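Inside the fold
These are the residues of each chain, in order.
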Amino acid sequence: MANRKLYWLTIVLLCLSLKVSGQFLGDSKLPEFTGRMQDTARVLSFLEKSRLALYEHESYAEAKANADSAYLISSQIPWKKGMILHWNMYGLISRAKSRYVDAIEYHTVALDLAKELGDVELEAVCLNNIAVAWRRTDNHQQAIHFHAEALKAADKAGKIQTKMYAINGLGNSYLAIRNYDEAKKQFEQALELAYKLGNDESQAINLNNLGDVCFEQENYSEALDFFKQSLKKNIENNNRDGILITQISIGKAFSMMKNYTESAKYFNLALETNLVTEKKLYSAVAVLELAYTQIQLKNFDGAELLLTEGLALAREIDSKQNIALAYQNFSELYMQKNDFKKAYLYQIQFNLLKDSLISEEIQQNTFRMQVNFELDQNKKQILFLEKDKENQRIRASRQLLITVISGILILAATVILLMYRMFRSKAQSNVQLLKLLSEKEILLAEVHHRVKNNLALIAGLIQLQMENKVNPIEKQPLEEIHSRVFTFSLIYENLYDSGDFEAINFGNFLKKYFLNSNYDLVSGHIDISIDASDVLLPLKTAVPLALICNELITNSYKHAFIGNQNGIIEISLKKNEFDTRTWQLRIADNGIGMANQPKVFETTGFSIISLNISQLNGEFNIVTGYRKGFEFSLSFEISE
């Protein structure tokens, strides 16, 4: 926003300068000057249409077409400033499309032209634009470098507003890398310049930025002071977007201070403000944050209605962060209402979506690293081409003075240099690729570690709830849930401990889990026999298979043996003798069988078994009878 204002302020000043210069032209040059003025006005008109198409209509094709028209006229006049503004517009279009490599290249072209023209103010604008593009790739060190260069250029040009934008950009970059002291220093300087210029909008922005710094430092009282000052400025300027953002910020600060009544007040104000702005993202945020305050205030019915509305809004705009927040708040709501089943279901949905978000974050980080790698490679290529071009000019100027032998020597040296650069570039590329692979493996390990910890946390919460239950009937469902969650947890523990994040040794898993299990038996002695081949199963096969094993073995322990009866449970996992593509899981016991359990196929446990068999695309068979034991067999193929 700030860069666009500076961009158009430059254009207006340019028009005024052209108008004033017309007073010094003679009558003989007036028609030529008038024609040029008309052409420059057409250039500015096309650039304004391009800006409107980009930021108000979000039409990239229309924005590009108008920018191309501006460039065509500028090249015919010729008018170098028009060309500079065209390349800057191209950079802004690329940035809006998240094509940051292209954006940096276009802004760099504009910067080079501005340097050739000697326009220091335009240099500062181009440098700020380059810095913003770098910041979007999360390369904040490069962003800080270019904002600092923009600050020098703005100082040289004596343009306070451009200087303020550069300082504000530095503050945002330092905030992103959590250098809060430096970020606060930069925002305070930018605020001082905003007061000096009398720019109320920039004052409000920098006050809000200072509030963000304090909020990140958990200094919520000071953050509130800045947010309220920003809100006052926005109200004075009737800046609806600014009012909405600061109201939400104030609500969050009060929430962190556990003043939920005041927090709810500001989130309600934000919703009223958004009736005018109609920003669905902000509506979703305000509704979900308001729902959280109602949970804390024990207004469960109101919280449930707000969460339903917030979840619908988040899904409509496909905001996964807010969908996850809704699931988390639903889980907390039902925990406080002692509806543990719903709380557990929403917690599962939250964990699944959280894992998806972590995966997306990994992909985004990988993409950013690739972007930075491409930019670095392009920069090296440009430097090489510039140096090669300079060498060609030197060789051309000396061509008449050198002999054939010296020419051959220079050519040989050039070939050696090119070969050296080629091999060095290849080696550097390999190093970068190895670094990317290593970082990806580290991130993947962290994902599985977090999943394992989250599952352990859930199991622990269920265990705590079990300890509060005395009645066996109330305790039994929690024990079953705990067993299933523990199965999930052990899968991820084996995956993390093995260092192979794609598959686990299922034979080892069966032995580790079921030979060491401690089931709560009334009496009797039960032996477990495991005959399992060492087979590596991918995660999407191992998880459903583990849940099937857990349900069947738990059922055998609880229902197959009566009184002091001793027994044996057999588990085997082998490749099918007649079809080597399939594997055979067999679980059997010598208990009383299932003839006296006619409703067993209607239980939750059997529903879980059926669901997981469907996921495996497997075929199963059950053999049982009264006092004839129980045998379950499953044939399945391992998914690639």
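Details of the structure are given in the entry above.
Here's what I pulled together on the structure shown here.

Parameters at a glance
- Residues numbered from 1 in each chain as written.
- Predicted model: local features only at pLDDT ≥ 70, side-chain atom pairs only at ≥ 80, totals over all residues.
- Heavy atoms only, no water.
- Phe/Tyr/Trp six-rings, centres within 6.5 Å; stacked < 30°, edge-to-face > 60°.
- Helix = DSSP H or I, 4+ residues; strand = E, 2+ residues; numbered from the N terminus.
- Pairing = 2+ DSSP bridges.
- Axes fitted to C-alpha atoms, helices over the stretch in contact; angles between N-to-C directions.
- Contact = heavy atoms within 4.5 Å.
- Parallel < 35°, antiparallel > 145°, perpendicular 65-115°, else oblique.
- Left-handed = near helix turned anticlockwise from the far one by under 90°.
- Polar contact = N/O pair within 3.5 Å; in protein donor to acceptor, adjacent residues only side chain to side chain.

What the rule picks out here adds up to 14 aromatic pairs. The interplanar angle of 85° and the centroid separation of 5.8 Å between the aromatic rings of W87 and Y90 together place this pair among those described as edge-to-face. Of this pair, W87 and Y90 both sit in helix 4 (residues 80-96), three residues apart, which is roughly one turn of that helix. Ring plane angle 75° and centroid distance 6.2 Å describe the contact between Y260 and Y292, whose orientation is recorded as edge-to-face. Pair noted here: Y260 is in helix 13 (residues 260-277) and Y292 is in helix 14 (residues 280-296), with a separation of 32 residues, a long-range link.

A word on the pairing of strand 4 (residues 567-575). Side-chain direction in a regular strand flips from residue to residue, so the side chains alternate between the two faces of the sheet. Taken together, the seven bridges between strand 2 (residues 526-532) and strand 4 define a ladder with parallel strand orientation. In the strand pairing of strand 4, D531 is matched with S572. Pairing geometry for strand 4 and strand 5 (residues 582-589), over seven bridges, is antiparallel. Within the sheet, the bridge partner assigned to I569 lies in strand 5 and is D589. Linking strand 4 to strand 5, which pair antiparallel, is a turn of six residues.

Sheet architecture is open: five strands sit in the order 2-4-5-7-6, paired in mixed fashion. The sheet terminates laterally at strand 2 and strand 6 (619-624), the two strands that pair on one side only. Averaged over neighbouring strand pairs, the angle between their axes works out to 10° when direction is ignored. In the packing of helix 20 (residues 506-514) onto the sheet, the strands contacted are strand 2 and strand 4, and the crossing angle to strand 2 comes to about 170°.

Our next topic: the packing of helix 11 (residues 220-237) against helix 12 (residues 240-256). The interhelical angle for the contact between helix 11 and helix 12, taken along N-to-C directions, is 160°, at an axis separation of 9 Å. The angle between the axes of helix 11 and helix 12 places the two elements in the roughly antiparallel class. Between helix 11 and helix 12 lies a crossing of left-handed hand. Between helix 11 and helix 12, the residues in contact are Y220, L224, F227, K228, S230, L231, N234 and I235 and G242, I243, T246, Q247, S249, I250, A253, F254 and M256, respectively.

Moving on to the side chain of T554. On the secondary structure map, T554 appears in helix 21 (residues 539-559). For T554, the side chain forms a polar contact with the main-chain oxygen of N550, separated by 2.6 Å.

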